[in-house]
Amino acid sequence: MTNDQYANLRRLRRNPTLREMLKENRLSASEFIYPMFVVNGTGVKTPIEPMPGINQMSVDIAVEETLKAKEFGVKSVLLFGIPKHKDSTGSSSSSQGEAVQQAVSAIKKASPSTYVITDVCLCEYTDHGHCGVLDGEDVDNKATLPLLAKTAISHARAGADMVAPSAMMDGQVAAIRSGLDENNFCNIPIMGYSAKYASAFYGPFRIAAESSPRFGDRNSYQMAPTQGREAMREIAADIEEGADLVMVKPALAYLDVIKEASLQFDTPIAAYNVSGEYSMVAAAGQAGWLDQERSMMEILTSIKRAGADLIITYSAIQAAKILSRG
Ligand code: PBG
């Protein structure tokens, strides 16, 4: 039988070995970054209800979790801290005795090969829940920058390998870069949360990190979901300020932004597969409405296909387990 009327695309799909050979995109555990929420205390492991399988962890448990991740080839973690107390300036964000700083040094001690990245923001540390300090009801960009730099320096001092500012303040990358450099941390890279949208998909994270704004919203600093070109300006600005890596966040509803960024810029791109994306799949999976594992892998694959070099995902360990089964 001849088939000269149509392109024969199915010819290449008939054989499983050939399908495997022709894969255009392959996920690997080495490109995953696993976010963790650390709290003070010991032996604390508090489940986060909307994120089944994810917990708030004290430092000792976070160390165990890091070792478990490493067993499956996930060698990088992104730490968020929940402090003992909050105030209007988020003053505990740069305290060496706080959960994040303690977790950084404990993890580096227990597992020196684990690459430890810290989130640099004030929202978990301020009593009003905004990402910077306030001037009235407005988040004061200029006054926030030195506090972010101070926080980043405290993370570097604790042994962080990389810092990731997520407050969406203009100039935060530059402020952190000079702060790090002045303190002899010239070799610590900065991953900018460059194109960070004001997204409903952060809902579960704010429960996990206890960081919901007490009034208003984040629309005056995070980007509106309608914006595509503006994301390119944000990314360009971060690169100009010295970001070593840039990020698009969330990932799933912004795959076009990841794609466009990967075409326009040569700086490595991370994509954040955020809490709400995790919760959606987990909830539908638990209800038996979709196959959780396959959906998760399909989403991660789409992020990779869009052009992300690194994927920050709560599914890192689960996905790495699946990949190790082959
Ligand atoms: C803090 C921060 C947020 C996330 C990462 N860093 C929340 C926010 O901006 O409110 C969201 C991560 C997620 O949803 O998984 N600025």
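Relevant structure appears above.
## A closer look at unusual backbone geometry
Part 1: Here the bond from Lys-249 into Pro-250 is cis, since omega is -10°, no more than 30 degrees from zero.
Part 2: Position of Pro-250 among the secondary structure elements: in the loop between strand S10 (245-249) and helix H8 (255-264).
Part 3: Phi is positive for Met-168, close to 60°, though the residue is something other than glycine.
Part 4: Tracing the backbone through its elements, the reader meets Met-168 in the loop between strand S8 (162-165) and helix H5 (172-182).

## Points about H5
Part 1: Turning to H5, its buried residues are Gln-172, Val-173, Ala-175, Ile-176, Arg-177, Gly-179 and Leu-180.
Part 2: The elements touched by buried residues of H5 are strand S5 (115-120), helix H4 (141-158), S8, strand S9 (191-196) and helix H7 (229-241).
Part 3: Count one or two residues on from H5 and you reach Asn-184, which has phi positive near 70°.

## Some points on the pattern of salt bridges
Part 1: Summed over all chains, the structure comprises 8 salt bridges.
Part 2: Salt-bridge contacts for Asp-161 lead to Lys-108; the nearest nitrogen and oxygen are separated by 2.7 Å. Separated by 53 residues along the polypeptide, Asp-161 in the loop between H4 and S8 and Lys-108 in helix H3 (residues 99-110) bring together distant segments of the chain.
Part 3: For Lys-108, a relative accessible area of 18% corresponds to the buried category.
Part 4: Across the salt bridge formed by Glu-293 and Arg-325, the nearest N and O atoms sit 2.9 Å from each other. Note that Glu-293 is positioned in helix H10 (residues 292-306) and Arg-325 in helix H11 (residues 316-325), a separation of 32 residues in sequence.
Part 5: Here the residues in one salt-bridge network are Glu-20, Lys-23 and Arg-26, joined through shared partners.

## Digging into the layout of surface pockets
Part 1: For the largest pocket, the calculated volume is near 430 Å³.
Part 2: Along the walls of the largest pocket sit 13 residues, with Lys-23, Asn-25, Leu-27, Thr-301 and Leu-323 positioned nearest its centre.
Part 3: Secondary structure elements with two or more residues in the lining of the largest pocket: H10 and H11.
Part 4: Among the residues making up the lining of the largest pocket, the classes are represented as 4 nonpolar, 3 polar and 6 charged.
Part 5: Its boundaries defined by the atoms lining it, the second largest pocket holds a volume of some 160 Å³.
Part 6: In terms of lining, the second largest pocket is formed by 14 residues, of which the most central are Tyr-34, Gly-53, Glu-65, Lys-68 and Ile-317.
Part 7: Secondary-structure elements contributing two or more residues to the lining of the second largest pocket are helix H2 (59-71) and H11.
Part 8: In terms of residue count, H11 provides more of the lining of the second largest pocket than any other element does, 3 residues in total.

Rules and cut-offs
Per chain, the residues get numbers from 1 upward, laid out in the order the sequence is written. It should be noted that, the model being predicted, local features are given only for residues of pLDDT at least 70 and side-chain atom pairs only at 80 or more, the latter also being counted only at that level, while totals for whole chains, interfaces and linings use all residues. Hydrogens and waters are ignored; side-chain quantities use all the structure's heavy atoms. The way it works is that DSSP assigns letters per residue, a run of H or I at least four long becomes a helix, a run of E at least two long becomes a strand, and they are numbered from the N terminus. Residue burial is assigned from relative accessible area. The probe radius is 1.4 Å, only protein chains are included, and a residue is buried under 20% of its type maximum, exposed over 50%, and partly exposed in between. Only heavy atoms matter for contacts: two residues are in contact if any of them lie within 4.5 Å across the pair. Salt bridge, as used here: a side-chain nitrogen of Lys or Arg that lies within 4 Å of a carboxyl oxygen of Asp or Glu. Cavity means a closed set of points on a 1 Å grid over the protein atoms alone, one where a 1.4 Å probe fits but cannot get out, pocket means an open set with protein on both sides within 12 Å along at least 5 of 7 lines, and lining means a residue has an atom within 4 Å of a point. Grid points are joined across faces, edges and corners, and a volume is the space filled by probe spheres set on the points. In this classification, Asp, Glu, Lys and Arg are treated as charged, Ala, Val, Leu, Ile, Met, Phe, Trp, Tyr, Cys and Pro as nonpolar, and every other residue, Gly included, as polar.

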